[in-house]
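Residue-level structural notes
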Amino acid sequence: MKTEPAIAATETEIRAPVLQPKKLTPRQLKRARRRRALSRFWAAFRQSKMGMAGLAILIFFVGVAIFSMFANKGALDPTVTTNGPRLAGPSLKYPLGTQVDGISVLSLTIEGARISLFVGLAAAIISMALGTIIGMWAGYKSAVHDAILMRITDVFLVLPWLALAIVLAAMFGQNFWIIIVIIGVTSWAGTARLVRAQVLSVKERNYIERSRALGASDAHVVIKHITPNLMPVIFANTILTIAIAILSESQLSFLGLGDPQSKSWGTMIDEAFHAGALTLHAWWWLMAPSICIVLVVLGFTMVGFAMDEIVNPRIRER
Amino acid sequence: MTVLRAEDLRVTYSTKGGDVPAVRGVSFEIDKGEVLGLAGESGCGKSTIAGAILRLHSPNTKIEGTLELEGEDVLSLKPGRLRAVRWTGASIVFQGALHALNPVQKIGDQIEEAIQVHGMATQKEAAVRAGALLEQVGLPPRRKDDYPHELSGGQKQRVMIAMALACSPTLVIADEPTTALDVMVQAQVLQLLRSLQHDLGLAMLFITHDLSVLVDVSDRLAIMYAGKIVEEGKASEVFHAPQHPYTAALAAAFPEIGDTRFRHRPAGLGGDPPDPQHIPSGCPFHPRCERAIDACQTVVPELWDAGPGRRAACVHVAGAPSLESVGS
Amino acid sequence: MTDTEAARSETLELGEPIIEIDDLEVNFAARVGLVAGLMGKKGSDAKAVDGVDLTLHEGEVLALAGESGCGKTTTARALLGLIQPQRGTIKFRGKALPRDTRSLRPFRREVQMVFQDPTGSLNPRQTIYEIVAEGLRIHGIDEGPNGETEEDLVAQALSRAGLRPPQRFYLLYPHELSGGQRQRVVIAGALVLEPKVIVADEPVSNLDASVRGEILALLMKFRDELRISILIVTHDLGLAWTVADRVAVMYLGRVVEIGPTEEVLLRPRHPYTKALLNVVPEAGEEGVIRQILQGEPPDPTRIPAGCRFHPRCPVVASGRAAELGIEDRCRGEDLQLQTVGDQHFAACHLIDINQQP
């Protein structure tokens, strides 16, 4: 009985399924690889109940924000609703009640969703960009650069950001875009620390040395090896940064530093507070934006934590 | 007097990916004052055996078969008795003392802890014994106030040995004790282990992948592959006249300097040690074996007689039954 | 090349020198805390490599052996231009190595490295294809000398490294391969640039014993078929016996003995080489009392005076050096490599009085 040995001794054995040997261009390979990585990530994310719940919340609010772009702006104009009930409790016509000018709180909340989310996102992008660049520079370059940049980072870490934000708002005015920049510029330090730590650890890995031995320039090493290793950590961190940015914006608006023209949730709470909603028992006016802020921040936090679990530490399949 | 006896020992890990049979039926005996060397590569199950003897595996891990330490069945020990037996009956010298020593505790304290946990001495007595142990392993007693990071790799391994001897066990399990060390330091530590074992009359189970080290240190040798023992016998005989093709290949990987057979001729095996979850049919070694015949794909070999005091699990040995009479 | 060198090359049939290291010195700066530094305390530099002369010839396998801390890995790294030496020259084909990354690039095509840890040397997020192709992309090579495409070159390198059929491996990730296969990928990544020299730093010590032979056989095949010169850094003298043409033994930053493998490993003339050979577990003579060096591998920040090996030297410790009247020289007089045989050199005071260690 002549049979071939179960596995040929000279061929190297692999455990992965056999792939069709087709002609693959490097670009196709890259796309194939990215698709595989994304689907693996999604599969892992779906396992996390916390992540999926958070994602559901976020999708809901993003939907609301998008809807607000097409909604009837007239509902927000106090001159239009002079005939409506003021400070009326929730009813069928006004599901979240009305505020002191008779404007539906629901309409205000929907509008606020767009503003708050946008500010949070934009500020987080600035914060992430600044933090990543500074962190990478500090981690990759020489000890001197590192020391200087880290001292600057330390300063920003310990500064009471609220005090700084108030000063900056007083100096540059209360403009929608200024607020975004202020939040971005005062919150990058945490990301910078994180990125620097990651760069330092990746820099020492042997495959970096191999790349250099092959003849790679610094740029090649940073682009091809260090940055891809940073992306998961940066991404997870950005999600959390958005949550913090939204909270920060609410704080600033509540203190009256927000842009009076754009009604974010924080601005709503501020107005409600100043109009005496508490004493007038108009709880719906205060609760609606507050609960929304809590839910959105919770949503981002849950998604961020779920991503963190997947990304850190890397769980290998073997 | 038999100190350790294992019969048909089987250890299976449960993981997310299914059951992993790390040890699939291993039997051996170690007598008082004897050193048994256990050699094999990754995935063969040798380190699993070390953990099984002291029941250090997680509760999910299934351990079946017989495992007796000085006549007592280890697998059915109640927790209280198990704790008492651990370290006093048998102790382990781990690999990579880097991680086995608490970095924020002085080494003297760590040795004393081992003694005191077993209520064997008062604090004062324990301190004295710790100092004596350090001397026994070649370190000046004053070093007991040092922290692990103040010691070199070789010195840390000596501390590990001192800890293992703290409660005067009858069996010492050495699990890759010298793997991470430099050649010269390795030789020193091996010399120490050998002399301590001899002076104290210890039984020792010496586990490593480095076959050449084992031949020096052990009285008897057992070679493991894919969760089973494939050859056993007197150490030097097994190394110099291997009966199992795997042993021959493993021995060839450690050529003697001066042996012209290996000059410019590196000997090795194709393929890789098998994944415990995908063990080939029949003889697990057959895909990599030069002397494999058709029968090897279906016949599961047992440890058959291969000479005086020797057994090997291969169809080619003298004591193997003729192929017609062996089922699959 | 001096006259004596030319004569040497003929008898051992050594090819042209391809890499020449001359009086290499690499120091690692001392680490002193900020406050201590401000108070004027100076740490001592670690002289990892302290005056090394070495020549690698075409088509030869040279083993660089020694314990950890002897400077062998540092020498290898300096050879590749990954570390800048404080002193000394490294010449490739007679031309000195430049210092900056850009000028080093063409050199990098010719001299490649295989690292010790195959798992760490591979970026876990890159596919095997990308890992092997990286070298080609860095050097901007889109086609081979005979018009091959990038894919052809990658396939060829994978095949040569024993991974067949190569297409099977393109989309796999390092963690899906075994240790031996990963090391082959590292080798393929080096081969793809068609180097003339491969520097292998402990290429098999992290691999299972049964797999080592194959990787070593692969390296020897490159020497035989492709005329690649190989420098193997290892602590394992058994490995040197198996594959090397010449062996250089290093101690505390210097080469203490160098010569043809048979000479150095069977007739060593330096006590350290002899000590290293003594501790290779020689599974044979039971009950032979082995002479094992006491103490730890030495500290490169505190190099002893005289012969740097004298504090651990068995000849000094046993009193034999005193008997022979050389002990003072061992303790006080530093020394260079001297001829002890055909292309065989060692640095020991015993040589002058014609004694064996």
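This structure is a prediction, so every number in the text was calculated from the model and none was measured.

So, on to the overall build of chain C. The secondary structure content of chain C amounts to 14 helices and 12 strands. The C-alpha atoms of chain C give 22 Å as radius of gyration, which agrees with the globular expectation for 357 residues (21 Å, within 12%). For chain C, the C-alpha atoms occupy an extent of roughly 70 × 60 × 45 Å along the three principal directions. The proportion of buried residues among the 357 residues of chain C is 52%.

Scanning chain B from terminus to terminus reveals 10 helices and 12 strands. At 21 Å, chain B has a C-alpha radius of gyration in line with the 20 Å of a compact globule built from 328 residues. Once the C-alpha set of chain B is aligned to its principal axes, its extents read approximately 70 × 50 × 40 Å. With 328 residues in all, chain B has 52% of them scored as buried. Across chain B, every contact between residues at least 6 apart in sequence was considered, and the portion connecting residues at least 24 apart equals 62%.

Grouped together as the largest cluster of nonpolar side chains are 277 residues, with contacts concentrated most on Val 132 and Val 249 of chain C. Per element, the largest residue contribution to this core is 13 residues, and it comes from helix H3 (residues 105-140) of chain A. Two domains share this core, each providing at least three of its residues, namely domain 1 (2-89 + 167-261 + 268-273) and domain 2 (103-165) of chain B. When neighbours within four sequence positions are excluded, Val 249 of chain C is seen to be in contact with Ala 65, Gly 66, Val 255, Val 256, Glu 257, Val 264, His 270, Tyr 272, Thr 273 and Leu 276 of chain C.

On to the domain arrangement of chain B, then. Residues and elements named next belong to chain B. Along its sequence, chain B is organised into domain 1 (2-89 + 167-261 + 268-273) and domain 2 (103-165). The C-alpha centroid of domain 2 is placed 25 Å from the C-alpha centroid of domain 1. Contacts between domain 1 and domain 2 engage 14 residues on the former and 14 residues on the latter. The dominant element in the side of domain 1 that touches domain 2, judged by the number of residues it contributes, is helix H7 (residues 183-200), at six residues. Grouping the constituent residues of the side of domain 1 that touches domain 2 by class yields 11 nonpolar, three polar and no charged.

This paragraph deals with the sheet that holds strand E4 (residues 87-92) of chain C. Pairing between the strands of a sheet is mediated by backbone hydrogen bonds and can be parallel or antiparallel. All names here are of chain C. What the four strands build is an open sheet, ordered E2-E1-E4-E5; its pairing is antiparallel. Of all strands in the sheet, those bounded by a partner on one side alone are strand E2 (46-57) and strand E5 (95-96). As paired strands, E4 and E5 are joined by two bridges and run antiparallel to one another. Residue Phe 92 lies in a different strand from E5, and its bridge partner there is Lys 95. Strands strand E1 (17-28), E2 and E4 of the sheet are contacted by helix H3 (residues 72-79), whose axis makes an angle of about 120° with E1.

Our focus in this paragraph is the packing of helix H5 (residues 128-138) of chain C against helix H6 (residues 150-160) of chain C. All names here are of chain C. Closest axis-to-axis distance for the H5/H6 pair is 10 Å, and the angle between their directions is 115°. Taken together, H5 and H6 sit at an angle that is classed as roughly perpendicular. Viewed along their axes, H5 and H6 form a crossing whose handedness is right-handed. Contact with H5, carried on its side by Tyr 129, Val 132, Ala 133 and Leu 136, involves Glu 150, Leu 153, Val 154, Ala 157 and Leu 158 of H6 and no other residues of that element. Its residues assigned to classes, the contact of H5 with H6 shows eight nonpolar, no polar and one charged.

All names here are of chain C. Overall, mixed pairing links the eight strands, which are arranged E6-E7-E8-E3-E9-E10-E12-E11 in an open sheet. Across the chains shown, the open sheet's two edge strands, defined by having one partner strand only, are strand E6 (111-114) and strand E11 (338-341). Shown here is a sheet whose adjacent strand axes are inclined to one another by a mean of 25°, direction ignored. Here E11 runs beside strand E12 (residues 344-346); their pairing, made up of three bridges, is antiparallel. Each residue of the ladder has a partner; that of Gly 341, found in E12, is His 344.

Before going further, it helps to spend a moment on the interface of chain C and chain B. Each side of the interface is counted separately: chain C has 35 residues, and chain B has 36 residues. Within the residue set of the side of chain C that touches chain B, elements represented by two or more residues are helix H8 (209-226), helix H9 (237-243), helix H10 (261-266) and helix H11 (271-279) of chain C. A total of nine residues in the side of chain C that touches chain B trace back to one element, the largest contributor, which is H8 of chain C.

Right, let's get into the pairing of strand E9 (residues 246-251) of chain C. All names here are of chain C. With six of six residues buried, E9 is to be regarded as a mostly interior element. Every second residue of E9 is oriented toward a common face, with Arg 246, Ala 248 and Met 250 on one face and Val 247, Val 249 and Tyr 251 on the other, all of them buried. As paired elements, strand E3 (residues 61-65) and E9 share four bridges and run parallel to each other. Following the sheet pairing, Leu 64 is matched in E9 by Ala 248. Relative to strand E10 (residues 254-260), E9 runs antiparallel, the two sharing six bridges. Counted as the bridge partner of Val 247 is Gly 259 from E10. As consecutive antiparallel partners, E9 and E10 are separated by two residues, and within that stretch Leu 252 has a phi angle of approximately 50°, a positive value.

Before going further, it helps to examine unusual backbone geometry. Following Arg 164 of chain C, the chain continues into Pro 165 of chain C via a peptide bond in cis, with omega recorded as -10°. At Asp 23 of chain C, a position not held by glycine, the phi torsion is positive, near 50°.

Turning our attention to H5 of chain C. Residues and elements named next belong to chain C. Counting buried residues in H5 gives nine out of 11 residues, a clear majority hidden from the surface. Listed as buried for H5 are Ile 128, Tyr 129, Ile 131, Val 132, Ala 133, Glu 134, Gly 135, Leu 136 and Ile 138. In the stretch just after H5, Gly 140 is the one whose phi turns positive, near 65°.

For the rest of this paragraph, the subject is the pairing of strand E4 (residues 62-69) of chain B. Residues and elements named next belong to chain B. Of the pairings in the sheet, the one linking strand E1 (residues 2-15) to E4 comprises seven bridges and is antiparallel in character. Bridge assignment links Ala 6 to a residue of E4, and that residue is Leu 67. Alignment of E4 against strand E5 (residues 72-73), held across two bridges, turns out to be antiparallel. If you follow Leu 69 over to E5, its bridge partner there is Glu 72. In sequence, E4 turns back onto E5 through a hairpin of two residues, with Glu 70 there showing a positive phi of about 50°.

To continue, consider the confidence of the model for chain C. When pLDDT is averaged along chain C, the result is 85; 90% of the residues meet or exceed 70. ipTM for the predicted complex: 0.83, alongside a pTM of 0.79.

Once that is clear, we can look at the environment of Val 104 of chain B. Considering the arrangement of structural elements, one finds Val 104 of chain B in the loop between helix H3 (97-100) and helix H4 (107-117). Between the alpha carbons of Val 104 of chain B and Leu 250 of chain B there is a distance of 40 Å; along the sequence they are 146 residues apart.

Now for the environment of His 270 of chain C. All names here are of chain C. Relative to the elements of secondary structure, His 270 occurs in the loop between H10 and H11. Take His 270: there are 27 C-beta atoms within 10 Å of it, and that puts it in the buried class. Each C-alpha atom of the pair His 270 and Ile 258 lies 9.8 Å from the other, and the pair is 12 residues apart in sequence. In this view, His 270 contacts Val 249, Val 256, Glu 257, Ala 346, Ala 347, Cys 348 and Pro 357; residues no more than four positions away in its chain are not counted.

Time to look at the packing of helix H6 (residues 153-165) of chain B against H7 of chain B. Geometrically, a packed helix pair is captured by the angle between its two axes and the distance between the axes. Residues and elements named next belong to chain B. Put simply, H6 and H7 touch, their axes get as near as 10 Å, and they point 15° apart. In terms of orientation, H6 lies roughly parallel with respect to H7. Regarding H6 and H7, the two cross each other, and that crossing is right-handed. In this structure, H6 contributes Gly 153, Gly 154, Gln 157, Arg 158 and Ile 161 to the contact, and H7 contributes Val 185, Gln 188, Val 189, Leu 192 and Leu 193. In the contact of H6 with H7, the residues fall into five nonpolar, four polar and one charged.

Definitions and cut-offs
Residues numbered from 1 in each chain as written. Chains lettered and ligands numbered in written order. Predicted model: local features only at pLDDT ≥ 70, side-chain atom pairs only at ≥ 80, totals over all residues. Helix = DSSP H or I, 4+ residues; strand = E, 2+ residues; numbered from the N terminus. Rg over C-alpha atoms; globule rule 2.2 N^0.38 Å. Buried ≥ 20, exposed ≤ 12 C-beta atoms within 10 Å, placed from the backbone. Contact = placed C-beta atoms within 7 Å. Core = buried A, V, L, I, M, F, W, Y, C linked by C-beta atoms within 7 Å. Domains from an automatic or database assignment. Nonpolar A, V, L, I, M, F, W, Y, C, P; charged D, E, K, R; others polar. Pairing = 2+ DSSP bridges. Axes fitted to C-alpha atoms, helices over the stretch in contact; angles between N-to-C directions. Parallel < 35°, antiparallel > 145°, perpendicular 65-115°, else oblique. Left-handed = near helix turned anticlockwise from the far one by under 90°. pLDDT = per-residue confidence, 0-100.

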